[in-house]
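Overview (structure and organization)
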Amino acid sequence: MTVLPVTQEGMNNMRGLMSCLFMQGVLPIIFMTLIVGSLSGRELVEGSITYISRDQAYIDLGKKSGVQIGDSVQVYRDDVLLGVARISQSSGASSAMEALEPADIPWDIGDNVALEVTLAQIPQTPTIASSEEATKSKPMAQVFLDSSSYAPRTPSNMTLDSDRFSPAFTGYISTRVSDRGGDTSGVRETTGSIYGQFKILDLGIRHLDVSTYVRSNRSFRDSSSHTSIYSIMMSYDDPSSRFSYLMGRMYHPQFSMLGTIDGLGMTWRSNRRVLAVAAGLMSNVNDIQDQVQRNKFGILDEEKFKWGKMQFGVIGETESGAFSRNYLLLGSTAKIGSKLRLRGYSEFDLDLQDQSQFQRTLSLTRFRASVSWRPWRSFISSTRYSYRENVVDLLDTAQTEYEKAARHTFNSNLSFMFGSGLTLTGQASFRGDHRNRQIKIFGLSMNHRKFTTQAISLNAGGMLMLSYLSEGGRVYASLGKAVLPWLDVDLYDEIFLYKILGESSFRTRHLPEVSFSAKVPGLQRLRVRTRFEIEKGELLYRISLSASRQF
């Protein structure tokens, strides 16, 4: 092997070649890596729960907001964290989520949700010029920091997909068939129902959506049917604009204070304030025909502060051109540190036309105050007091009381969450009025998810109720297990023990239940549920088949 001597000129040529490769090869790669890293990020999006099923909750955020299956969702109520969930299904403008921690999040319609979505904008990789092209390139011109050196940017050549804002159909549908009977004295009854929410996104116009929520059921015993349209609403919401608009039958979280109305609504949002205005005709979604038709309008002003938020609302109702009701709402949420939350809500009647026996010049018709305290991650405490004038509905019975008396309610809940997955919850509730009618409820429940190697979940509890009409209680327990990757089985049993005041003996009701839930391709859930009821030696049964799908 012959070793050639290395001259000084060869060393200089080698250094020049390496410098050229580094400048044109390595540096562009490093630069692109930094650009991609700076443009890829996470953005916090917020929404609310719109519907709740037995196993899942649905939110008003979907793929259009960047939500993807598997994303982690934080669920809040009055700025208090209820738990963490996971996105299980996502469509254009809505998603379904399952509870993770705790396994049974006490969520409700209207609760707030927040999650981070990934935002990534990856520019096109520029072509690395060859060394020959580099040698032919012109030298870089000197740039002076004055207006003469400014050159306007050329328009981007990036275009949107032609069908990006074409109409898209989304929503969910659920059906159920139920058969009940079994005793010799009763009448067998078979019913079928269907309900769902349907949306058309970008209705030929960008940001213009239409949605409807319907319920329909039919009884095969007397061939009666009933259909209700809970909402049919057209909305225009451009994220780049502070204004959004609604038209139709509105049952919307922003206008929940108005109930359900057929009319128009407008919302203006800033970084700290939300101002909403709506007006329309009161709607009877439950087909109560004898209710007097009234016009209803209102304005809501909500402002956020570092320590909480304030709400102010004014609502009016007119009938035959005259005011039938005029009242204002005041609400506030305060954050006292990271462990304590306070909330207050009040409703004042401003006129004397509701025929209340407790009416004053300025009458307090409704008041709620709640305290949420979480000193540790494993301990949650919630206490609430509410007052409502002129309404008494103490028991959920078929015969509702419409007597003019104020109602006081006090609720307290304590929950302990252990690291092993066990959750213990205790509750106490008191209801009363000015006529010495009271209801006291005390309960204790436990929930344990997958506490054995067989992944069995356990939910059990008991409740004691003492009221002005009866006394008694109940105990219940359920076991659930995934027997197959696509099949879950749940066993449930519940025993009631109660006595009507004036009777000498207690009555008992036994309610065992078996349900099968199957994961079928194309369906969110397919469930067969069998429930029995034993009382006074008579056996009743109920078998139901339900299925739902999100698309």
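Worth saying up front: this structure is predicted, and the values here are computed from it rather than measured.

Of regular secondary structure, the protein possesses two helices and 29 strands. Looking at the 551 residues of the protein, the share that counts as buried comes to 32%. When contacts within the protein are restricted to residue pairs at least 6 apart in sequence, those whose partners lie at least 24 apart make up 44%. Element-wise, carbon and sulfur atoms account for 58% of the exposed surface of the protein, whose accessible area totals about 34,300 Å².

Here strand β2 (residues 57–59) pairs with strand β5 (residues 95–101) via three bridges, running antiparallel. Bridge assignment links I59 to a residue of β5, and that residue is S95. Relative to β5, strand β4 (residues 80–90) is paired through six bridges, and the arrangement is antiparallel. Following the sheet pairing, Q89 is matched in β5 by A96.

Attention now goes to the confidence of the model for the protein. Chain-level statistics for the protein give a pLDDT mean of 76 and a share of 75% at 70 or above. Taken together, the stretch residues 354–359 has pLDDT below 50 and engages in 18 contacts with residues farther than four places along the chain or on a different chain.

This next bit is on the environment of S386. Here S386 is to be found in strand β19 (residues 379–388). Separated by 18 residues in the primary sequence, S386 and R368 place their C-alpha atoms 4.3 Å from one another.

Summed over the entire model, instances satisfying the criterion amount to 17 salt bridges. The closest approach of N and O atoms between D301 and R273, which form a salt bridge, is 3.4 Å. With D301 in strand β14 (residues 295–304) and R273 in strand β13 (residues 273–282), the pair connects residues that are 28 residues apart, well separated along the chain. R273 sits in the partly exposed class, given a relative accessible area of 31%. In this structure, a network of salt bridges that share partners links the residues R474, E494, E513, R529 and R531.

This part takes up a nonpolar patch on the surface. Residues I205, Y236, F243, Y245 and M266 make up a contiguous nonpolar surface patch of roughly 430 Å² in combined accessible area. Summarising the element assignment, Y236 is placed in strand β10 (residues 224–237).

Now for the packing of aromatic side chains. One pass over the full model with this rule turns up seven aromatic pairs. Between Y236 and Y245, the ring centres sit 6.4 Å apart and the planes meet at 35°, which makes this aromatic pair tilted. Ring centres of F305 and W307 lie 5.6 Å apart, and the angle between their planes is 5°; this geometry places the pair in the stacked category. A relative accessible area of 30% means that F305 is categorised as partly exposed. Here W307 falls in the partly exposed class, since its relative accessible area comes to 39%. An aromatic cluster of three or more residues is present, and its members are W373, W376, F379 and F416. Sitting over the face of the ring of Y195, R215 holds its NZ or CZ atom 4.8 Å from the ring centroid.

Before going further, it helps to examine the nonpolar core. By size, the foremost hydrophobic cluster in this structure holds 18 residues, and its most contacted members are I49, M97, W107 and L115. At the level of secondary structure, the elements contributing two or more residues to this core comprise β1 (41–52), β2, β3 (72–77), β4, β5 and β6 (112–119). Membership of the second largest hydrophobic core comes to 14 residues, among which are F255, L258, I261 and L329.

To continue, consider unusual backbone geometry. Notably, H207 is not glycine yet its phi reads approximately 75°, a positive angle. A relative accessible area of 14% places H207 in the buried class.

As a further point, take the side chain of E317. Locating E317 in the fold gives a position in strand β15 (residues 308–319). Discounting residues that sit within four places of it in the chain, E317 has contacts with M282, R294, N295, K296, A322, F323, S324, R325 and Y327.

Both strand β7 (residues 168–181) and strand β8 (residues 189–201) contribute to a ladder of 13 bridges, which runs antiparallel. Of the residues in β8, the one forming a bridge with G171 is F198. Bridge count for β8 against strand β9 (residues 208–219) is 10 bridges, and the pairing is antiparallel. Along β9, the bridge assignment pairs G196 with V214. Connecting β8 to the next strand, β9, in antiparallel fashion are six residues, including D202 with a positive phi near 50°.

A word on the environment of M233. Structurally, M233 is set in strand β10. Of the residues examined, M233 reaches a relative accessible area of 11% and is grouped as buried. Along the backbone, M233 and G263 are 30 residues apart, and their C-alpha atoms lie at a distance of 9.5 Å. Ignoring anything within four residues of it in the chain, the contact list for M233 reads D209, V210, S211, L246, M247, G248, R249, M250 and H252.

Analysis parameters
Residues numbered from 1 in each chain as written. Predicted model: local features only at pLDDT ≥ 70, side-chain atom pairs only at ≥ 80, totals over all residues. Heavy atoms only, no water. Helix = DSSP H or I, 4+ residues; strand = E, 2+ residues; numbered from the N terminus. Buried < 20%, exposed > 50% of the residue type's maximum accessible area, 1.4 Å probe, protein only. Contact = heavy atoms within 4.5 Å. Areas by Shrake-Rupley, 256 points an atom, 1.4 Å probe, with all protein chains shown as cover. Pairing = 2+ DSSP bridges. pLDDT = per-residue confidence, 0-100. Salt bridge = Lys/Arg side-chain N within 4 Å of Asp/Glu carboxyl O. Patch = residues over 30% accessible without salt bridge, like charges linked within 9 Å, V, L, I, M, F, W, Y side chains within 5 Å. Phe/Tyr/Trp six-rings, centres within 6.5 Å; stacked < 30°, edge-to-face > 60°. Lys NZ or Arg CZ within 6 Å of the ring centre and 35° of its normal. Core = buried A, V, L, I, M, F, W, Y, C linked by side-chain atoms within 4.5 Å.

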